Amino acid sequence: MRPADEVLRDVFAERADGITPSVDVYGVFLARRRRNRRRALVGAGVAAAIVVGAAAAVPAVHKADRSLPALSPTGPAPTPTDDSLTACVPPILSGDPTPPPPVPVSQLPRQHDVRGSLAGDRAVTDAALVAGWQGIGLNERGLAASGGQRHTMDRSSLRLRFVERAGAGTLALVTAADKTGRWQVASWVVGLGTTFRPTGGPSERVSSSDRTGAERFYGDDPVYVSAYPVCGRIFGVVLAPPEATATLLAAPHIGPDGKLVTVAAHALPLTDGLAVFPTDGGASKVSITRGATVLGTGSLNQFDGLAKPGPDPLTALVDKAVKDAPPGTDADMVRFVVQSARFDLRDVTGDPITGVRVLWAGRTNKGLPAVVVAMTLPSGAAYVSDRTAHSDGTSGGSGGGMVPAGQLDRTLYALGNRSGFIVVVPKGATRAEVQLTGGGVQQVALRYGGAFVAPVGRATPMNVRAFDKDGNLLAEQVPNEGLVHP
Amino acid sequence: MGDDEGFRDFVIARSPALLRTGYLLLGDRALAEDLLQTALAKAYRHWGRVTAAGSPEAYVRRIMVNERRTWWHRNPGRELVGAIPDRAGPDESSALAERDAVWRAVLALPPRTRAVLVLRYWEDLSEAETAATLGCSVGTVKSQASRGLRRLQELLDGAAGAYDRKRVQG
C-alpha cells in the first residue's frame, strides 16, 4: 500500500492535468473590470465568461468582428444590417478581431441528426455550420495566443448540434475535436435569418475521468446545460440523450427571514432532446435524468441581468447610498463591496439588489477606510457586508451575511478579523463596549453610530454590548456572528 | 491603478497554474475560473504594491485560498461532491478506482484541511509558507495535514481491503 501523500500527489497531478483556461483570462478580467465600472454593455457575453454555475458553459471571449462578411452560402436570404446582428451577439470583448476565412460548406462534413426546429432548413444549417467552424478556429487561435497548447482540429469531427429560434434571432451550437480526439471545442453561433456569426464557446480536454457535470457534448450522447444571450435576452439551452427528461429548478429567492425559499421543480419539455427557452437569469438549475440515473446537472445563472442594454440600475443605487453616507465615506470601497456582494448573491439567488445603504463608514485606528454596507433584496431581507483596508494595500471583510427584514436598524453588528472589527450599534444606542478575555472591558468611541475597534494587547474580544442613553442593554453580539447564511 | 502591461503579462503567464490550484481547491472548473477572476480583480487594485512586495503569484494564491474558504462557508452545498455520474466501476483497474476514491475524499475534506493539502502536496509549499498563505500557525498546518492524510490513508486501507475481498470472492 502506497503512502497517502504519494497517492495524493498523483491524484492532484492527474486532476490538474488538462485544466487550462478555457477563455482568454485577461480578456475576461478586462470585461469584468469594465462591468464593475458600470460601462454599459450591450448583450451578456461578459457574464457568460464569468461562469459560476456548477457545470455551466464557458464561452470564449473573442472580439466579435463588426466587419465579418455575411455568410449566405446557399443562395439569397434576408440580409439584416450589420448593426442588427451586432445587437444580437454578445458584446465585443478582447481577443482576435479577425475570424479565419469561411470554408465552403461543401468542404465541411455533411450533417445528420441536427436538432431544433430549423434543422430542416438547409440554408440555415449550412450557414450555421460554416460560421461554427470559423468560431472553432477563432477559439483555437485565441488559446494559442494566450500561451495555450496548439491543437490540430479535425474537420471531419465537426458537428452541428442544434439550430433553434431564440427570440428574434437564432442560436446554434457547433462542436469539433482535435486529431487526437482528446481536445474538444464548441462554438456558439448567433444569427438572424441565414446570417450567422461565431461568438465563442467552451473548449477543454476530454478524458474518461473528467466527464463530469452537464458538459458532455461530445459523442452521440450529449448532456449539455447552458445559457446564452441572443438579441438582448437570455436563453437556457438543454441538450439531452433520447429518453432523458429534464427538470428545471427556478432561481431560488431569499425570504424575509434571510433564508432561501425552496422553489418547486417542474418538468422542462424536451423536443428531440433539446430545449431552448427564455430565462431571466438567476440561479436556475437544470437536472437531466434517464430513469433513476442523474446524467448531469447544470446551472443557468451566468448573466445577472446584463443581457439588456443600457445603464446598470445598481449604479444609481450605489451613488445614492454614497451620497447619503457619513462624510468622508470611501465611495470606491462601497462600490467594491456592492459589486462583490452582487457576485456572491448571484451564486445563491436570482433576487436583484433593490436598495443600497451604507450602515457605517469611517476609518481604522491607522486611518484606513472601513465600511459596512447593506443591500436590500425584494423580500426586505438585506445582505450586509463589511470591508476594511489594510496597511499593505489589501482589504478584507468578514464574509457578510443576511439580516431578516425589518431588523437592519435593530441589529448590533460586530464584523471583522484579527486586525480589528467594525461595530455598528442599533438605533437608539448611545454607548457600546467590548468584553475581552480576562474580564477586561474596552469602551467603543462611537461616531456616526459605529466605530472600528482595534485589539488591545493580547486580549481577545468576546462580546460586544450596546446600551441606550439610560444604560439599558439594547443588544449584544459575539463578533462575526449573528448574520444569517442562506 | 496598477501597471497594466505587467499585470497583463502576469495573468497570461501564470493564470494556467493558478487556475489549476483553484480547481484543486474547489473541485470544479467553472468555479475555479470565477475564483481566479475574483482574485485577479483584488490583486489589480494594488498591483504596484503587490509587485513591489516581490511575489505577486503568492499574493494572488493567498487571495484565492482565503476567498475560497469564505465561499465554502457561505455555500457548503455548492460543491459537486456526489453529483458526478461517472464513477469508477468494477471493470476499471484498482489504481483508477483508488485515485477516484481519493479525489472524492479530498473534495469531502473540510475546506481548510483541503487547502493545506493542496498547498503542501500540489504547490509544494513548506509548512511555514502554507501557514503564511492561510494566515494560521505552522502547528495548525501540521495538524491539518496530518488529519487530512490520515483520513485518506484510512480510505486507502479500506479500499485495498475491499478490493482484495472482491478479488477473493470473484
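As the structure is a prediction and not an experimental result, all values here were calculated from the model.

(A) Representation of the overall build of chain B. When helices and strands are tallied, chain B shows eight helices and zero strands. When the elements of chain B are put in sequence order from the N terminus, they spell out α-α-α-α-α-α-α-α. A total of 170 residues make up chain B; the buried ones form 50% of that total. Put simply, of all contacts in chain B between residues at least 6 apart along the chain, 66% involve residues at least 24 apart. Accessible surface computed for chain B: about 7,400 Å², of which carbon and sulfur atoms make up 50%.

(B) Representation of the pairing of strand β18 (residues 382-389) of chain A within the structure. Residue and element names in this part refer to chain A. Here β18 lies mainly inside the structure; eight of its eight residues are buried. On β18, burial covers both faces: Ala382, Val384, Asp386 and Thr388 on one face and Tyr383, Ser385, Arg387 and Ala389 on the other are all buried. The pairing of strand β17 (residues 369-376) with β18 spans seven bridges and is classified as antiparallel. Among the inter-strand pairings, Ala370 is bridged to a residue of β18, identified as Thr388. Where β17 folds back on β18, the antiparallel hairpin that results is connected by five residues, among which Gly380 adopts a positive phi of roughly 100°. Both β18 and strand β20 (residues 401-403) contribute to a ladder of three bridges, which runs antiparallel. Across the sheet, the residue bridging to Val384 is Gly401, located in β20.

(C) View of helix α7 (residues 127-134) of chain B. Residues and elements named next belong to chain B. Where α7 is concerned, the buried positions are Thr130, Ala131, Thr133 and Leu134. Angular distribution of buried residues about the axis of α7 spans 160°; they occupy a single face of the element. At the exit of α7 stands Gly135, carrying a positive phi of roughly 70°.

(D) Here's a closer look at the pattern of salt bridges. Counted by the stated rule, this structure contains 12 salt bridges over all chains. In this structure, Arg465 of chain A and Glu433 of chain A form a salt bridge, with 3.4 Å as the shortest nitrogen-oxygen distance. Of the two residues, Arg465 of chain A is situated in strand β26 (residues 461-467) and Glu433 of chain A in strand β23 (residues 431-436); the sequence distance between them amounts to 32 residues. Overall, the relative accessible area of 22% leaves Arg465 of chain A in the partly exposed class. A relative accessible area of 9% places Glu433 of chain A in the buried class. Taken together, the shared-partner salt bridges in this structure form one network comprising Arg14, Glu57, Arg61 and Glu123 of chain B.

(E) Expanded view of the environment of Trp122 of chain B. Turning to its location among the elements, Trp122 of chain B is positioned in the loop between α6 (111-121) and α7. The class for Trp122 of chain B is partly exposed, based on a relative accessible area of 25%. Separated by 102 residues in sequence, Trp122 of chain B and Arg20 of chain B have C-alpha atoms that sit 9.5 Å apart. Apart from the residues within four sequence positions on either side, Trp122 of chain B is in contact with Phe12, Ala13 and Ala16 of chain A together with Arg20, Thr21, Leu24 and Leu117 of chain B.

(F) Representation of the confidence of the model for chain A. In the predicted model, chain A carries a mean pLDDT of 76, and the fraction of residues at 70 or more is 74%. Every residue in residues 206-216 of chain A is under pLDDT 50, and counting partners more than four places away or in other chains gives 38 contacts.

(G) Examining the sheet that holds strand β25 (residues 450-453) of chain A more closely. All names here are of chain A. As summarised here, the arrangement of the three strands in space is β21-β22-β25, forming an open sheet in which the pairing is antiparallel. Strands at the two margins of the open sheet, each flanked by one partner only, are β21 (413-417) and β25. Going from strand to strand, the sheet's axes swing by 15° on average, the running direction of each strand aside. Pairing analysis gives four bridges linking strand β22 (residues 420-424) to β25, with the strands arranged antiparallel. Counterpart to Val424 in the pairing with β25 is Gly450.

(H) Structural context of unusual backbone geometry. Residue and element names in this part refer to chain A. Its identity as a non-glycine residue notwithstanding, Tyr448 has a phi of 55°, on the positive side. Counting through the fold element by element, Tyr448 comes out in the loop between β24 (441-444) and β25. You will see that Asn480, though not glycine, has its phi angle at about 65°, which is positive. As for its position among the elements, Asn480 is in the segment after β27 (473-477).

(I) Quick look at the packing of α6 of chain B against α7 of chain B. Residue and element names in this part refer to chain B. For the pair α6 and α7, the least separation of the axes is 10 Å and the interaxial angle reads 135°. It follows from the interaxial angle that α6 and α7 lie oblique. As α6 packs across α7, the resulting crossing turns out to be right-handed. Here Ala115, Val116, Leu119 and Arg120 of α6 lie close against α7, whose contacting residues are Glu127, Thr130, Thr133 and Leu134.

(J) Representation of helix α2 (residues 29-45) of chain B within the structure. Between its first and last C-alpha atoms α2 of chain B spans 25 Å; for 17 residues at 1.5 Å apiece the expected length is 24 Å, and the two agree. The buried fraction of α2 of chain B amounts to 15 of the 17 residues, a majority that puts the element mostly inside the structure.

(K) Summary view of the environment of Ile63 of chain B. Residues and elements named next belong to chain B. Checked against the element boundaries, Ile63 lands in helix α4 (residues 56-74). Counting along the chain gives 71 residues from Ile63 to Leu134, while the straight-line C-alpha distance between them is 9.2 Å. Leave out the neighbours within four places in its chain, and Ile63 touches Ala39, Lys42 and Ala43.

(L) Quick peek at the sheet that holds β24 of chain A. Residues and elements named next belong to chain A. Spatial strand order, β24-β23-β26-β27: four strands in an open sheet with antiparallel pairing. Only two strands of the sheet have a single partner each, and these edge strands are β24 and β27. The average angle at which neighbouring strand axes cross in this sheet is 25°, direction not considered.

(M) Local environment of the pairing of strand β4 (residues 195-198) of chain A. All names here are of chain A. Every second residue of β4 is oriented toward a common face, with Thr195 and Arg197 on one face and Phe196 and Pro198 on the other, all of them buried. As judged from the four bridges shared by strand β3 (residues 183-192) and β4, these two strands associate in the antiparallel manner. Its bridge partner lying in β4, Val190 is registered against Arg197. The turn joining β3 and β4, which pair antiparallel and follow one another in sequence, is formed by two residues; a positive phi near 60° is taken by Gly193.

(N) Just the nonpolar core, in detail. With 56 residues, the main nonpolar core has Leu8 and Phe12 of chain A together with Leu40 of chain B as its most contacted residues. Per-element tally for this core: the top contributor is helix α1 (residues 4-26) of chain B, with nine residues. Excluding its chain neighbours within four sequence positions, the residues that come into contact with Leu8 of chain A are Val102, Val106, Leu117, Tyr121, Leu149 and Leu152 of chain B.

(O) Just the confidence of the model for chain B, in detail. Residue and element names in this part refer to chain B. In this model, chain B carries a mean pLDDT of 73, and residues with pLDDT of at least 70 account for 73%. The element-level mean pLDDT for chain B is lowest in helix α8 (residues 138-169), coming to 69, with α6 highest at 90. When the criterion is pLDDT under 50, residues 72-92 qualifies, and its contacts beyond four places in sequence or with other chains add up to 34 contacts. Predicted confidence is poor over residues 160-170, with pLDDT under 50, and the contacts of this stretch with residues over four places away or in other chains come to three contacts.

(P) Fine view of the side chain of Thr411 of chain A. Residues and elements named next belong to chain A. Turning to its location among the elements, Thr411 is positioned in the loop between β20 and β21. A polar contact is formed between the side chain of Thr411 and the backbone oxygen of Gln407, at a distance of 2.5 Å. With residues up to four places along the chain from it excluded, the contact list for Thr411 reads Val403, Val424, Val425 and Pro426.

Each value, and the rule that gives it
Residues numbered from 1 in each chain as written. Chains lettered and ligands numbered in written order. Predicted model: local features only at pLDDT ≥ 70, side-chain atom pairs only at ≥ 80, totals over all residues. Heavy atoms only, no water. Helix = DSSP H or I, 4+ residues; strand = E, 2+ residues; numbered from the N terminus. Buried < 20%, exposed > 50% of the residue type's maximum accessible area, 1.4 Å probe, protein only. Contact = heavy atoms within 4.5 Å. Areas by Shrake-Rupley, 256 points an atom, 1.4 Å probe, with all protein chains shown as cover. Pairing = 2+ DSSP bridges. Arc of directions from axis to C-beta. Salt bridge = Lys/Arg side-chain N within 4 Å of Asp/Glu carboxyl O. pLDDT = per-residue confidence, 0-100. Axes fitted to C-alpha atoms, helices over the stretch in contact; angles between N-to-C directions. Parallel < 35°, antiparallel > 145°, perpendicular 65-115°, else oblique. Left-handed = near helix turned anticlockwise from the far one by under 90°. Expected span 1.5 Å × (residues − 1). Core = buried A, V, L, I, M, F, W, Y, C linked by side-chain atoms within 4.5 Å. Polar contact = N/O pair within 3.5 Å; in protein donor to acceptor, adjacent residues only side chain to side chain.

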